[in-house]
Structures are given as C-alpha cells and as structure tokens.
Amino acid sequence: MPVRKKYYLPCTEIYTPFVLACAPKGRVNAKFESGGTRLKRALSKGTQIYQTKTEQYPLTQPINKLEAIIQCSGEAQYLNDTPPIPGELFGAFVLAEAKPLSTVRNVDTSEALKMPGVRAYVNYKDVPGSNSFSPPNLSPTKEVLFVEDRVLYNGQPIGLILADTRDHALNAARFVKVTYNATTDIPAFNVKDILKNNQQSRITNVANVTPTRRGDNVKQVIRGTFEVEGQYHFTMETQSCICIPTDDGGYDVNSATQWMDNVQASAARALNLPMNKINVAVKRLGGGYGAKILRASLVSTACAIASHKVHKPVRIQLPLIENMKMLGKRAPTTFQFEVGVDDNGVIQYMDNTYYQDYGLSGVNENFSAAIPRSAQGGYVFDTWKWNGNSVQTDMPGNAFARGPVTTESIGMIETLMDQISYAVNKDPVQVRVANLRPEESVLSTLAKELMTWSDYDQRVKAAQDFNTRNRWMKKGLSLVMMNYPFVVYGPYSVFMSVFAQDGTVAISHGGIECGQGINTKIAQVCAYTLGIALDMVSIKPSSCLNAPNNFATGGSITSEAVCYGIIRACREIQRRLEPLLTNSTWTYKVPGAKDIPADFRIRFRQDSTNPGGVLNSKAIAEPPLSLTISVPLAIRRALASARVEADSTAPRFVPIVGPTTVEFTYLNALNNYKTYLL
C-alpha cells in the first residue's frame, strides 16, 4: 500500500547500514561491507612545488601575508571593531514583507518609536537628493534605496529605525507595522517563471554568436541542461558602514566596500552634496567576493541619509539573515544545449541557449554577454552557436560573485566535456584534449605533465578497482583544464611617500584589502623596485582622497594593476632622488577545514613566464575557483559507478542542477531497498 511504502523505504535506508555494521564477520558479502562502515577522512596534507629566485627577493620570496598574524590572532581591526563614537546611533532596516509588485498602504511607527532607546525613523521622505544607491554615471540602472510606493521585491528596505544600541534598533524595527495593497500582477521569481508565463518583456537578448562552420561527422547527439543557482557570498563581515558628520558640512563614510567611488557618488547624490564633501576610507574587509562592489552602497547611502537626519554618527551592521534577504547573490544561470560529436567526442556542432537572472539590477553588474567568450577556454569554438539572454526578475538585484560569468560558463563547458565522455565511452581527459585548439599546445602539455605528476592513470584505475569491490562506497577523480579570459580595466591610483629621515616608505592605493593579500604583494614589489628591505614599506588604508575616481576591487586584476602603478611611482621617485635612500548554517554549505582535500597537491608550471603580467606574474583568486567544477564532476564519476550497479540501463551521467549535496548524491544513486543484501 502507498502508506506502507512511504514509511517502509526510509526504514530500510536506516536499518540496512545498521545490520551490515552489526553482522558477524564472514556473514556479509565483502562487496556490501562498506555499507556498514562510517566514512573515515584522513588528515589533510598538501604540497606546493614552485620556483623562486633569490636574486629577486623580496619579490619572489615565500613570506607570510603581512596581516596574517594579526588576522589569525584577532588583533586586526575591521570596521565593526571601531570603538564607540560619542552620541552615535545604530540603524536597523525595516524590510518589506510582501509579495513583489504590491503597494505600501500605511507604515505605522508609533509603537516602535515608544520603545527604549529609539530616537528616529528614516524613510524616502528624508532623502534630500536621489532616492537611489546607484549613481547613473557608474550604474546605469537606477536601483531604489527606500520603498516609495510599490514593493519591488520581498525584503526591500522601507525604512530605518535609529536607536542608542544595536539591540534596541533591531528589536524596535520588528514593531513597525506595515500594511499593503495586494496586486493582481504576476511576479517572476526565476527564469522558469518568466518562460512559463511568456513574459518576453523581461528578457533581453545580449549575445548571438553564429558558427563559421559545422562538422559533418556526427555520430551522437547529446542534449541537456546545466543550472547554476543563486549563491550567497557568505562573507564573515556582513554589510557595514559608519557615517560621521564633519564640521565642513560633509560626512566621513567608513564603508565595508570594494568600490569607494560608488559609495562616494551614491552618498553625494542622495544627500545632494558635491563629491568633495564625502570622505570615504577603507582599511580592510572581512571578505568581499563581489558582494561589496555595488551592494555595499545600499547600506552606506542609507547610513549617510540617517546621519544627515539626526546630525549624529550612525552605524549600521546588518545581521546575517537580513544580509541574505536584502541583497542579491550570484546570478542564477540556466544553459540548454544540443551537441553533436564524433566517435572520439570531438564537437561537430553546439547550439547553446542560456538565461542569466540579474534580479532587479538590470545592466548593473551584468556581464552575461561575456559568457560565450568565457566558455571558449582552449577549445575549438568555431562550431558553437550561442543565444544569450539576460532576464529581470522580482528579486533583489543580483551581484558579482567570485568569478562572475567565468565560473558559470567554464563549469558548463567542462561538465559538457564530461557528459560527452560518458556518451562516447572515453576518458574525459581524452575528450578535452581532442577538442583543444591546435595553438593551445601549452594546455595539452600541462595536462600530460599533471597526469604524470599526480599519478592520474593509476589513481583512476585504483578508483575503478575500489568501486568494483564496493557496492555502497564509491570514489571518483576528475581533471579539468582552463584558459581564463582576463579583462584589464581601471583606473587604480597609487600614493607613495618617502620619508627623508630614514628612507622608509608609506603607500596608500586604490585597491581594497579583502583577504587576498594585495598589501603584501604591493610591499614586495615596492621593496624590490626600490632595492630596500621589505620592513621599510608600510601600507596605509585606502581613501577617496588618495585614490579618487578608482574602479572596484575585483576580477583578479586589481593587485596587478596597483603593482604596476607602484612600479611607475618607484621609478619616478628614483628619478627624483639621486642617490636613493636605502635604509631598513544548516541549509547553506559553507566550506570548512574538512573540505580541504585529504590529498592536496599543487604544482606550478616550471620555467614559464607571463609576458602580459606585471613582472611576469600569473593570476590567482578567481581562475582557480572556475576549476572547482572538477569536484562535482569527480563525485559524478563515483555516482556513475553506483548507478550502473543499481540499474545497468540507467544513464551514467547526472546533470548539474544546483549544489552537489549529500542528499543530491544519495537521491541520484538509484538506491533500491531490494538491493540491500548481506
């Protein structure tokens, strides 16, 4: 009966491992024994192999990040470690709890304003200038700061409660009573809603790429989808800002931002003040990943408006839940593809249509047109057809997130290569190499070197042997390759001072230290170029005074650009100074320590240079993230073995639709209680 089946299956899932674990030795088939054992994880270990040249020290010298010790010890000061400022108030947002496209009927703050410590309520009526946090010359799509009438998305800020403590403000915000008028309009929460309801006005075509040829050796046709869901940035420091009125009628805006210029411009426009009245400074961030490029301006602009209303310092530090609700995430992306291949897995043609969801942000932080270029990697792409679309949903404006566009597009194309390998029954590395462009011999060579160095073939064979011997525990291995497309942009400024009494150097620059180690690299480049000791270089906080009109820190290019500026500044100083002075959660899976591979091997390419990089440097940060697609692909290799054993007629490959969780893996292993045997 259906009811008995509903309860019977979960019971067997729990009971079978228990029986296998308790059964006497010799009574259980050896192949099934792993079903009764707990996963044992070895202590992580890792190696790094790299070249260095002592004559270039401290440039190529392996050193700790300059802030490593104070960060690990908790001594590093972040924005919210700033001591209390006399008279300061704390802000807490009142968020719309309504269906998108409904309208606000009334906001009753009477009860909230009577609560202990509460001083004021701020809303759109208190904005003397533009009620927006996206200045048009930097962010073309206007994004509203406070709701004026219509609720654009659930969680949109309606107002701000100010109180003498953070707890008082957060508590009082819950007592603001908002009533709404319902809407008959149909909101769209995702791409599927838009396509289902044929809401063409929400779809903007951004890319059309026509292939220059089509192969004629099609032996198999593969159709499928690849979906990347919204991904929260999960910075350890939430969006935060402290705004202090100055005696010249301006404001000091200390914001946890990756883009000082946007914070300065949005505050100036909202306050109807000239830019030179807004002083923005940033010491360091507790993580950014793109979340604090444009989205930080929502909090900083609201903070500035509040400070303007009460003429006092105001501090806002978003609670984690509000941070996740108010602000956008990685843009969800859906790919729908059809690919024809020959017997070796070489792509003869590809038709690929994609939709990328940017919420309400419009063209702000929208790089969806770059997906076809990002997906090319080192592969032959003249047979690829693209139809790219950006869609607008009734969700918070989505944001750049670590490796925007590249993570999605490289993940898609590498997953496709794996799916092809299943279809033609070839090793996925063979398929990848077979599809490389002839001029990408470096990638082919690197793949061979990596396979040799990592014992790839032996480890694949070992995994296959293990999977043959074990029904309930599986292993998988994946090797992916990448040609990462970099875009150089700016500007980024460098301000350098040399102190004549001892020859030490102080630097302020337009980049933002957000954990990536930019200050360490800058100090090394400066010391090397000037020929002085590393400890003679000190990096100071960034500010819009020393680095005006600078672009956001992101894209894995900021450190290189600032280092180039350092070299230029050092050479100018050398020209001037002769001789030079040279004295001395439950539902969100956050990576943890045990997500470090148990066997973590890193090897840099030997005897190689990057003529396009500053001092021949190579990229870090976002490119390696794009290679992490190898993890879910390796899991699918293990999963394929389990699926074949469960049902030999079932497809081995499982599409990537969202995160590869334990639950996902289990549900796609085709487990059946009839196979739970001793």
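What you see is a predicted model; the values in this text were computed from it and never measured.

### A short note on the overall build of the protein
When its secondary structure is counted, the protein shows 18 helices and 20 strands. Overall, the C-alpha framework of the protein stretches about 80 × 75 × 60 Å when taken along its three principal axes. Surface exposure of the protein reaches about 33300 Å², of which carbon and sulfur atoms provide 54%. Within the protein, one finds 71 positive and 58 negative side-chain charges whose respective centroids are separated by 6 Å.

### Describing the state of the cysteines
Working definition: the covalent bond between the sulfur atoms of two cysteines is a disulfide. Evaluation of the coordinates by the stated rule reveals 0 disulfides. Just so you know, cysteine 243 is unpaired, no disulfide at all, and the nearest cysteine sulfur is the one on cysteine 303, 5.2 Å from it. A relative accessible area of 0% means that cysteine 243 is categorised as buried. Here cysteine 514 is not cross-linked by a disulfide; its sulfur's nearest cysteine counterpart is in cysteine 563, at 14 Å.

### Considerations on helix 7 (residues 296–310)
Helix length check: helix 7 (15 residues) gives 22 Å between terminal C-alpha atoms against 21 Å at 1.5 Å per residue, within 8%. Of all 15 residues in helix 7, 13 are buried, a share of seventy percent or more. Taken from the residues just after helix 7, histidine 311 is the one with a positive phi, measuring 55°.

### Some points on the pattern of salt bridges
One pass over the full model with this rule turns up 27 salt bridges. Residue lysine 309 pairs with aspartate 126 through a salt bridge whose shortest N-O separation is 3.3 Å. With lysine 309 in helix 7 and aspartate 126 in the loop between strand 4 (118–122) and strand 5 (157–163), the pair connects residues that are 183 residues apart, well separated along the chain. By relative accessible area, lysine 309 is classed as partly exposed at 34%.

### Some points on the environment of histidine 233
Structurally, histidine 233 is set in the loop between strand 8 (220–228) and strand 9 (240–245). With a relative accessible area of 10%, histidine 233 lands in the buried category. Expressed as a C-alpha distance, the spacing of histidine 233 and alanine 291, which sit 58 residues apart in the sequence, is 6.2 Å. A distance of 2.8 Å separates a polar atom in the side chain of histidine 233 from the backbone oxygen of phenylalanine 400.

### A word on the nonpolar core
Phe93 and Leu162 are the most contacted members of the largest nonpolar core, which totals 48 residues. If you tally residues by element for this core, the top one is helix 7, at 8 residues. In this structure, leucine 162 is in contact with Leu89, Phe90, Gly91, Gly117, Val118, Arg119, Ala120, Val122, Ala306, Val310 and Val314, ignoring residues within four places of it in sequence. Membership of the second largest hydrophobic core comes to 34 residues, among which are Ala331, Tyr358, Ile420 and Met481.

### Overview of the sheet that holds strand 4
The strand order across the open sheet formed by 8 strands is 4-5-2-12-9-10-11-19, and the pairing between neighbours is mixed. The sheet is open, and its two borders are formed by strand 4 and strand 19 (542–543), each paired with just one other strand. As paired strands, strand 11 (residues 278–282) and strand 19 are joined by 2 bridges and run antiparallel to one another. From the neighbouring strand, valine 282 faces strand 19, where its bridge partner is serine 542.

### Details of the packing of helix 10 (residues 406–424) against helix 17 (residues 630–646)
Direction vectors running N to C along helix 10 and helix 17 enclose 20°, while the axes themselves pass 11 Å from each other. The pairing of helix 10 with helix 17 is recorded here as roughly parallel in orientation. Helix-helix and strand crossings are classified by hand; for helix 10 and helix 17 the assignment is right-handed. Contacts between helix 10 and helix 17 involve Glu414, Thr415, Asp418, Ser421 and Tyr422 from the first element and Leu633, Arg636, Arg637 and Ala640 from the second. When its residues are assigned to classes, the contact of helix 10 with helix 17 shows 3 nonpolar, 2 polar and 4 charged.

### Regarding the sheet that holds strand 17 (residues 505–509)
Strands sit in the order 16-17-18 across an open sheet of 3 strands; the sheet is mixed. A single partner strand is all that each edge strand has here, and the edge strands are strand 16 (494–498) and strand 18 (537–539). When the angles between neighbouring strand axes are averaged without regard to direction, this sheet yields 20°. The pairing of strand 16 with strand 17 spans 5 bridges and is antiparallel. Following the sheet pairing, phenylalanine 495 is matched in strand 17 by serine 508. Packing against the sheet, helix 14 (residues 518–530) makes contact with strand 16, strand 17 and strand 18, and its axis sits at approximately 135° to strand 17. On the sheet, helix 15 (residues 558–576) packs against strand 16 and strand 17 and is oriented at approximately 35° with respect to strand 16.

### Brief notes about the confidence of the model for the protein
The pLDDT averaged across the protein works out to 92; a share of 96% of its residues lies at or above 70. A low-confidence stretch, residues 1–8 (pLDDT under 50), is modelled with 2 contacts involving residues beyond four sequence positions or located in other chains.

### Quick look at the environment of isoleucine 203
Mapping isoleucine 203 onto the fold places it in strand 7 (residues 203–209). The buried category is assigned to isoleucine 203, whose relative accessible area is 17%. Between the C-alpha atoms of isoleucine 203 and tyrosine 355, which are 152 residues apart in sequence, the distance is 8.4 Å. Apart from the residues within four sequence positions on either side, isoleucine 203 is in contact with Ile194, Leu195, Tyr355, Asn389, Ser390 and Val391.

### Quick look at the packing of aromatic side chains
Applying the stated criterion across every chain yields a total of 11 aromatic pairs. Arranged with centres 5.3 Å apart and planes meeting at 65°, the rings of tryptophan 259 and phenylalanine 551 form a pair that is edge-to-face. Separated by 292 residues along the polypeptide, tryptophan 259 in the loop between strand 10 (251–255) and helix 6 (260–271) and phenylalanine 551 in the loop between strand 19 and helix 15 bring together distant segments of the chain. With a relative accessible area of 31%, phenylalanine 551 lands in the partly exposed category. Ring centres of phenylalanine 367 and phenylalanine 400 lie 4.9 Å apart, and the angle between their planes is 55°; this geometry places the pair in the tilted category. Residue phenylalanine 367 is found in the loop between strand 14 (347–357) and helix 9 (371–376), and its partner phenylalanine 400 is found in the loop between strand 15 (384–391) and helix 10; the two are separated by 33 residues along the sequence. Following the ring pairs from residue to residue traces out a cluster consisting of Phe226, Phe335, Tyr354, Trp384 and Trp386. A cation sits over an aromatic face here: arginine 471 above tryptophan 472, 4.3 Å from the ring centre. Between lysine 475 and the ring centre of phenylalanine 466, over which it is positioned, the NZ or CZ distance is 4.4 Å.

The rules behind the values
Residues numbered from 1 in each chain as written. Predicted model: local features only at pLDDT ≥ 70, side-chain atom pairs only at ≥ 80, totals over all residues. Heavy atoms only, no water. Helix = DSSP H or I, 4+ residues; strand = E, 2+ residues; numbered from the N terminus. Areas by Shrake-Rupley, 256 points an atom, 1.4 Å probe, with all protein chains shown as cover. Lys, Arg positive; Asp, Glu negative; His and termini not counted. Charge placed at Lys NZ, Arg CZ, Asp CG, Glu CD. Disulfide = S-S within 2.5 Å. Buried < 20%, exposed > 50% of the residue type's maximum accessible area, 1.4 Å probe, protein only. Expected span 1.5 Å × (residues − 1). Salt bridge = Lys/Arg side-chain N within 4 Å of Asp/Glu carboxyl O. Polar contact = N/O pair within 3.5 Å; in protein donor to acceptor, adjacent residues only side chain to side chain. Core = buried A, V, L, I, M, F, W, Y, C linked by side-chain atoms within 4.5 Å. Contact = heavy atoms within 4.5 Å. Pairing = 2+ DSSP bridges. Axes fitted to C-alpha atoms, helices over the stretch in contact; angles between N-to-C directions. Parallel < 35°, antiparallel > 145°, perpendicular 65-115°, else oblique. Left-handed = near helix turned anticlockwise from the far one by under 90°. Nonpolar A, V, L, I, M, F, W, Y, C, P; charged D, E, K, R; others polar. pLDDT = per-residue confidence, 0-100. Phe/Tyr/Trp six-rings, centres within 6.5 Å; stacked < 30°, edge-to-face > 60°. Lys NZ or Arg CZ within 6 Å of the ring centre and 35° of its normal.

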